[in-house]
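The lines below spell out each chain.
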Amino acid sequence: MSSPFKLPKITIVTPSYNQAQYVGATIESVLSQNYPNLEYIVMDGGSTDGSWEVIKTYESGLHHCSSGPDQGQYDAINRGFHHGTGEIMAWLNSDDKYTPWAFQVVSEIFSTLPEVEWLTTLSPIVWSTSGAAAYCGHRGGYTRRGFMHGENILEARWSTLGTLQQESVFWRRSLWERAGGYVDTAYKLAADFELWARFFQHANLYTVESPLGGFRQHGNQRSVNQVQEYIEESRQILKRYDGQPAGAFKGAFKKVLKDYVRLPRSVRKLAVKLKLKDPHRLCVYSCSEQIWQVDEI
């Protein structure tokens, strides 16, 4: 990858357990970025389905890989991050994938916009079982207040506006350390949601419209089979951080503003003025100036 931007070191951790059918495509989605300043770490939990044999075929491109019993996915992620030193961090589960341009977009934004401490996409992808891009959604933006009012819980309630897709979230190590430097293993399913809650205590979330990654939906996964348990843990986490769902009027107005970033600026300014919406921070590329900028809308 050639770039006029300074390329920060990126640390990616993949926790793996019995995903031999998919883990190769996951690893390839990382290594095929051809990102020259990458630490890629794969932590296998002692798979018995051939996953480790697949992982070993990519060993030359990995910063670290190991296989053995662990205390679950989030324990593997924590142990994986202990092997990394990158300025930018993320994890990718062993059946999911990044888009081919993800690291270039992420590295350029973090390099040129020091105010960005964590970043995600407004256009999350869902991969089919075979790995095709089956769906690309659109989110209206994320804010600290909206998150604490339950806008991003994974449930089909009228007041929710869409989740933060874990596969598309990247953050600075400095934020990770200020937020404690760990994924909370006390949560079986929603430790990602708890980490976002902690991040929001320290920094605003910035977004980009370009898709960065996607969730492969094949049915045999906890996030599908145990979705109600995930939702319940998310509610507990909100309560832990003194969050609560918005009232009926504000919730209804926010639903109207689901495609907030696509509305006329005058409407967005009015929503902010009436305190029905906090400013959303979108990273946009200026073709005329050839630089990334923040549009606060």
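Up top is the structure.
Before going into details, it helps to say that this report is about the structure given with it. (Residues numbered from 1 in each chain as written. Predicted model: local features only at pLDDT ≥ 70, side-chain atom pairs only at ≥ 80, totals over all residues. Heavy atoms only, no water.)

1. Some remarks on the overall build of the chain
Put simply, the test is: Helix and strand definitions follow DSSP, with helices as H or I runs of at least four residues and strands as E runs of at least two, each counted in order from the N terminus. Relative accessibility decides the category of a residue: with a 1.4 Å probe and only protein chains considered, values under 20% of the type maximum give buried, values over 50% give exposed, and everything between is partly exposed. We call two residues contacting when some pair of their heavy atoms lies within 4.5 Å.
Summing up its helical and strand segments, the chain has eleven helices and 13 strands in all. Going through the 297 residues of the chain one by one, you find that 55% of them count as buried. Sequence separation of at least 24 residues holds for 74% of the intrachain contacts in the chain that already meet a minimum separation of 6.

2. Section: unusual backbone geometry
Even without a glycine there, the phi angle at N18 is positive, about 50 degrees. With respect to the helices and strands, N18 occurs in the loop between β1 (10-16) and α1 (23-31). A positive phi is found at D242, a non-glycine position, where the angle reads about 65 degrees. Secondary-structure assignment places D242 in the loop between α9 (227-240) and α10 (248-256).

3. Let's talk about the sheet that holds strand β9 (residues 170-172)
Our working rule: Strands were regarded as paired on the criterion that DSSP finds at least two bridges between them. Note on definitions: angles span 0 to 180 degrees between N-to-C directions of axes, and those axes are lines fitted to C-alpha atoms, for helices only across the stretch in contact.
Overall, mixed pairing links the nine strands, which are arranged β3-β2-β1-β4-β9-β6-β10-β12-β13 in an open sheet. The open sheet has two edge strands with one neighbour each: β3 (64-67) and β13 (291-296). Across the sheet, the mean angle separating the axes of adjacent strands is 25 degrees when strand polarity is ignored. Two elements, strand β12 (residues 281-286) and β13, share six bridges in a ladder whose sense is antiparallel. Within β13, the residue paired with Y285 across the bridge is W292. Those strands touched by α1 are β1 and β2 (38-44), and its axis lies near 165 degrees from that of β2. Helix α4 (residues 102-112) contacts β1, β2, β4 (88-91), β6 (118-121), β9, β10 (206-208), β12 and β13 of the sheet and is inclined by roughly 30 degrees relative to β9.

4. Some words on the side chain of Q166
By the secondary structure assignment, Q166 is in the loop between α5 (144-148) and β9. Setting aside anything within four residues of it in sequence, one finds Q166 in contact with W91, L92, N93, D192 and W196.

5. Points about the sheet that holds strand β5 (residues 97-98)
Reading across from one edge, β5-β11-β7-β8 is the order of the four strands in this open sheet, with mixed pairing throughout. Where the open sheet ends on each side, the last strands, each with one partner, are β5 and β8 (133-136). Sheet topology note: the strand β7 (residues 125-127)/strand β11 (residues 213-216) ladder contains three bridges and is parallel. From the neighbouring strand, V126 faces β11, where its bridge partner is F215.

6. Considerations on the packing of aromatic side chains
Applied cut-off: Note on ring pairs: Phe, Tyr and Trp rings are taken, using the six-membered ring of Trp, and paired if centres are within 6.5 Å. Classes follow the plane angle, with under 30 degrees stacked, over 60 edge-to-face and the rest tilted. Remark: a charge is flagged as sitting over a ring if the NZ atom of Lys or the CZ atom of Arg is within 6 Å of the ring centre and within 35 degrees of the ring normal.
Applying the stated criterion to the full structure yields 19 aromatic pairs. The positively charged end of K97 is found above the aromatic ring belonging to W127, 4.4 Å away from the centroid. Seen from the ring of Y182, R198 lies directly overhead, with NZ or CZ sitting 3.9 Å from the centre.

7. A few points about the environment of G141
Structurally, G141 can be placed in the loop between β8 and α5. For the pair G141 and H280, spaced 139 residues apart in sequence, the C-alpha to C-alpha distance is 5.9 Å. With near-sequence residues (within four places) excluded, G141 lies in contact with L122 and H280.

8. Comments concerning the environment of A133
Within the secondary structure, A133 sits in strand β8. Residue contacts for A133: discarding those within four places in its chain leaves I125, V126 and W127.

9. Comments concerning the pattern of salt bridges
Just so we agree on the cut-off: Salt bridge criterion: a side-chain nitrogen from Lys or Arg within 4 Å of a carboxyl oxygen from Asp or Glu.
For the structure shown, the criterion picks out eleven salt bridges. Several salt bridges share partner residues, and in doing so they unite D184, E194, R198 and R240 into one network.

10. Considering the pairing of β11
Burial of the side chains of β11 extends over both faces: G213 and F215 are buried on one face and G214 and R216 on the other. Bridge count between β5 and β11: two bridges; the pairing is antiparallel. Within β11, the residue paired with Y98 across the bridge is G213.

11. Comments concerning the pairing of β1
As a reminder, the rule being used: Handedness of a crossover is defined as follows: with both strands directed away from the viewer, a clockwise route from the first strand across the helix to the second makes it right-handed.
Taking burial as the measure, the seven residues of β1 include seven buried ones, the bulk of the element. Burial along β1 is two-sided: I10, I12, T14 and S16 and T11, V13 and P15, pointing in opposite directions, are all buried. Two elements, β1 and β2, share seven bridges in a ladder whose sense is parallel. The residue bridging I12 from the neighbouring strand is Y40, located in β2. Remark: the β1/α1/β2 crossover connection has right-handed handedness. In this structure, β1 lies alongside β4, joined through four bridges in parallel fashion. Bridging from a neighbouring strand, V13 pairs with W91 of β4.

12. Examining the side chain of N93
Just so we agree on the cut-off: A 3.5 Å cut-off defines polar contacts: any pair of N or O atoms within that distance qualifies, except that in protein one atom must be a possible hydrogen donor and the other a possible acceptor, and neighbouring residues in sequence count only when both atoms are side-chain atoms.
Position of N93 among the secondary structure elements: in the loop between β4 and β5. In this structure N93 comes out as buried when scored by relative accessible area, which is 14%. Reaching out from N93, the side chain makes a polar contact with the side chain of Q166 at a distance of 3.4 Å. Discounting residues that sit within four places of it in the chain, N93 has contacts with T14, P15, T26, Q73 and Q166.

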